[in-house]
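Here is how the chains run, residue by residue.
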Amino acid sequence: MQQEECKRSLAKVFRSLRFLLRQGSALRGHFDTKGNFLQLMKLLEEEDSELTAYLSKKNTFTSPQAQNEIMEMSSYQILMNIAHEVQQSKIFALMVDGTQDVTGAEEEAICVRYVDENLDVHEIFLGLYSVSNTTGETISSTILDVLTRLNLPLSGLRAQTYDGAATMSGAYSGCQAKITEKQPSALFFHCGAHKVNLIMQHADEACECVQDSIQWEHELGVLLQRSGKYKTIFENIVSSDSHIVPVEYIRPLCPTHWLCRLSAIACANDHYSDIVDSLYELANEKSDVAVKARGLLDRFDKGKSILGLLMAQHSLAALEELNRAFQVKSATVSGMIEASAMTVEQLRVLRREENYKIFDKAEKKVTSLDLVPVELPRIRRPSRSITGIGSAHHSATARDYYRSQYFEFVDTVIEHLTTRFNADNNDLRQYLALENMITSGKIDNSVINFYPEISAQRLEFQLPMFKGTTKAVSLKGAKDAYCKMNETSQQMFSEVFLLMKILLECLVSSCECERSFSALRRLKTW
């Protein structure tokens, strides 16, 4: 009887810990008696005399050491459950991304992606793993060690996605090369979201006007975050207007928070007068922050800043929508290529001469806000070694000068989109060949031989019948048609099902790792 009572009480201790862990709440405070866990236990005691009697004993498994051990047991069980689900799928994909924690130690976030029996995609965070250095050899060894511990055979790995760093994507000594050497069927895809981020960085560097304006916008966000006085001044000026903009929209342009840039730049454009007024008021204060405010006011008081922000917003909107599409779990590799091609066509429309209206828009805004007009920069005479005997070209007006910068900015985006998202890559060509089998109904034996789980003989018969039945012209169409079939009909296309699983497991981005980092930072546990 006493053992049963203790068993029930101990179960309540476990459930209380599970509740706090699920909510992401701290278990202990500065004093053990005031921590969330013991306070929750006291609350349960009020209606449970059995629990009160248990907690009065010497061994109650509520000490900090016991709490830590229970947490470790829970995390291990969760991890094993995840591994079991992946094992049921038999094949899976891998995504890895790294960052430093608050102590400067390098941590690698490892996530897996798998497709269940309903062809639904799942992306699961496995954990953070410390590495002694960031070489491709070390990171690949860490990945292989994690897979071994979770009993996930490397033979089931079908895709891998990382960022573009040499240690991860290097063709010879990078992590992907080390993994591919052991498992040739693991196709490598450079994260699409990272590609778009790199494209924006290259475009910034190509246009001085845009690069300067974005940097000043970043410095404004830093000032707003660090100066309580400026935040109060800005809020008071904004609240006096008929519209109210949340202060958090004016923020530093974090290099890893890709989807925050457009909102920050658009907010600065929409509320430019409030920014200038608040900087002017702070600049007249007698404080150390006033020096920073005067420097920013000198920049934001010029029409060139508005022009640069408008240029950035014009093209950044298309890139951000592309980036947002890549972060959807259901995105496919062929869809990534098609979406990038659509973005290129849209940017080519914006690049046409008749669509160059940004300068006129900037001039109207400069006039309405009484700012320093956009002027032609001081003409510098280049060296004879550059120009030769001929005279250097100089723009006659400010409009012509900044038009060439804007076109160079857009051209850089188009060029990088075209080169980074082309199919001139062995792994991409192999993926497209696999997808072409679904849409054409014809088998490609040179590709299918890489996948031992698929019977080429049965697939050769099933593909034409599946194509004739579904008329699918895309992977998504094939998946939807298969899911609408009854169970008996689905059994007739077992090899086609495996082929679709492989295609769906190929990753477009490694953003699940980024989301894991963000979640850990919000919980303030890392």
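Not measured: the values here are computed from a predicted model. (Residues numbered from 1 in each chain as written. Predicted model: local features only at pLDDT ≥ 70, side-chain atom pairs only at ≥ 80, totals over all residues. Heavy atoms only, no water.)

Give a detailed account of the pattern of salt bridges, specifying residues and quantitative values.
As enumerated under the stated definition, the model contains 17 salt bridges in all. In this structure, the salt-bridge partner of aspartate 48 is lysine 12, at a minimum N-O distance of 1.9 Å. In this pair, aspartate 48 is assigned in the loop between α2 (36-45) and α3 (49-55) and lysine 12 in helix α1 (residues 2-23), connecting sequence segments 36 residues apart. Of the charged contacts, one joins glutamate 219 and lysine 292 as a salt bridge, the two residues approaching to 2.8 Å between their closest N and O atoms. In this pair, glutamate 219 is assigned in helix α9 (residues 208-226) and lysine 292 in helix α13 (residues 288-300), connecting sequence segments 73 residues apart. (Salt bridge = Lys/Arg side-chain N within 4 Å of Asp/Glu carboxyl O. Helix = DSSP H or I, 4+ residues; strand = E, 2+ residues; numbered from the N terminus.)

How would you summarise the sheet that holds strand β2 (residues 106-115) if you had to cite specific residues and measurements?
The sheet built from 5 strands is open, its strands ordered β3-β2-β1-β4-β5 with mixed pairing. Both outer strands of the open sheet, β3 (121-130) and β5 (187-190), are each paired with one neighbouring strand and no more. Going across the sheet, the axis of each strand differs from the next one's by a mean of 20 degrees, ignoring polarity. Pairing of strand β1 (residues 92-100) with strand β4 (residues 157-162), which is carried by 4 bridges, proceeds in the parallel orientation. Counterpart to leucine 94 in the pairing with β4 is glutamine 160. Across the sheet, helix α5 (residues 136-149) is in contact with β1, β2, β3 and β4; its angle to β1 comes to roughly 130 degrees. (Pairing = 2+ DSSP bridges. Axes fitted to C-alpha atoms, helices over the stretch in contact; angles between N-to-C directions. Contact = heavy atoms within 4.5 Å.)

Just give me the short version of the packing of aromatic side chains, but keep the residues and values in it.
Across all of its chains, the model carries 11 aromatic pairs by this definition. Stacked on the ring of phenylalanine 421, the Lys or Arg lysine 195 has its end atom at 4.8 Å from the ring centre. A cation over an aromatic ring shows up here: arginine 351 above the ring of phenylalanine 407, its NZ or CZ 4.4 Å from the ring centre. (Phe/Tyr/Trp six-rings, centres within 6.5 Å; stacked < 30°, edge-to-face > 60°. Lys NZ or Arg CZ within 6 Å of the ring centre and 35° of its normal.)

Mind laying out unusual backbone geometry, listing which residues take part and the relevant values?
Positive phi, normally seen in glycine, also occurs at lysine 90, with a value near 75 degrees. Inspection of the secondary structure assignment puts lysine 90 in the loop between α4 (64-89) and β1. For lysine 90, a relative accessible area of 66% corresponds to the exposed category. Unusually for a residue other than glycine, leucine 119 sits at a positive phi of about 65 degrees. Its place among the elements puts leucine 119 in the loop between β2 and β3. (Buried < 20%, exposed > 50% of the residue type's maximum accessible area, 1.4 Å probe, protein only.)

Run through the confidence of the model for the protein chain, naming residues and quoting values.
Scored by pLDDT, the protein chain has a mean of 86; 93% of the residues are at 70 or more. For the protein chain, per-element mean pLDDT is lowest for helix α17 (residues 384-387), which scores 65, and highest for helix α24 (residues 494-505), which scores 94. (pLDDT = per-residue confidence, 0-100.)

Can you break down the pairing of β4 residue by residue, with the values?
Successive residues of a regular strand alternate their side chains across the two faces of the sheet. β4 sits mainly inside the fold: 6 of its 6 residues count as buried. Sheet topology note: the β4/β5 ladder contains 4 bridges and is parallel. Across the sheet, residue glutamine 160 finds its bridge partner in β5, namely phenylalanine 188.

Can you break down the state of the cysteines residue by residue, with the values?
The final tally for this structure, using the stated rule, is 0 disulfides. Cysteine 175 takes part in no disulfide bond, and the closest cysteine sulfur to it belongs to cysteine 513, at a distance of 11 Å. Sulfur of cysteine 483: no disulfide; nearest cysteine sulfur belongs to cysteine 506 and is 18 Å away. You can call cysteine 483 partly exposed: its relative accessible area is 37%. (Disulfide = S-S within 2.5 Å.)

Describe α1, with residues and values.
For α1, spanning 22 residues, the distance from its first C-alpha to its last is 32 Å, which sits close to the expected 32 Å at 1.5 Å a residue. Within the span of α1, buried status applies to Ser9, Val13, Ser16, Leu17 and Leu20. Seen along its axis, α1 keeps its buried residues to an arc of 95 degrees; they face one direction. Exposed residues lying more than 90 degrees from the buried face of α1 are Gln3, Lys7, Arg18 and Arg22. Looking at the buried side of α1, the elements it contacts are α2, α3 and α4. (Expected span 1.5 Å × (residues − 1). Arc of directions from axis to C-beta.)

With reference to specific residues and values, describe the packing of α9 against helix α10 (residues 228-239).
At their nearest, the axes of α9 and α10 sit 5 Å apart, and the two run at 100 degrees to each other. Overall, the two elements α9 and α10 adopt an arrangement that is roughly perpendicular. Contact residues: Leu220, Leu223, Leu224 and Arg226 in α9; Gly228, Tyr230, Lys231 and Phe234 in α10. Considered class by class, the residues forming the contact of α9 with α10 number 5 nonpolar, 1 polar and 2 charged. (Parallel < 35°, antiparallel > 145°, perpendicular 65-115°, else oblique. Nonpolar A, V, L, I, M, F, W, Y, C, P; charged D, E, K, R; others polar.)

Help me get a handle on the side chain of glutamate 107, residues and values and all.
Looking at where glutamate 107 falls in the secondary structure, it is placed in strand β2. We classify glutamate 107 as buried; its relative accessible area is 9%. A distance of 3.2 Å separates polar atoms of two side chains, one belonging to glutamate 107 and the other to serine 130. (Polar contact = N/O pair within 3.5 Å; in protein donor to acceptor, adjacent residues only side chain to side chain.)

Mind laying out the side chain of serine 16, listing which residues take part and the relevant values?
Relative to the elements of secondary structure, serine 16 occurs in helix α1. On the accessibility criterion, serine 16 (3% relative accessible area) is buried. The contact partners of serine 16, leaving out residues within four places of it in the chain, are Phe37, Leu40, Met41 and Leu44.

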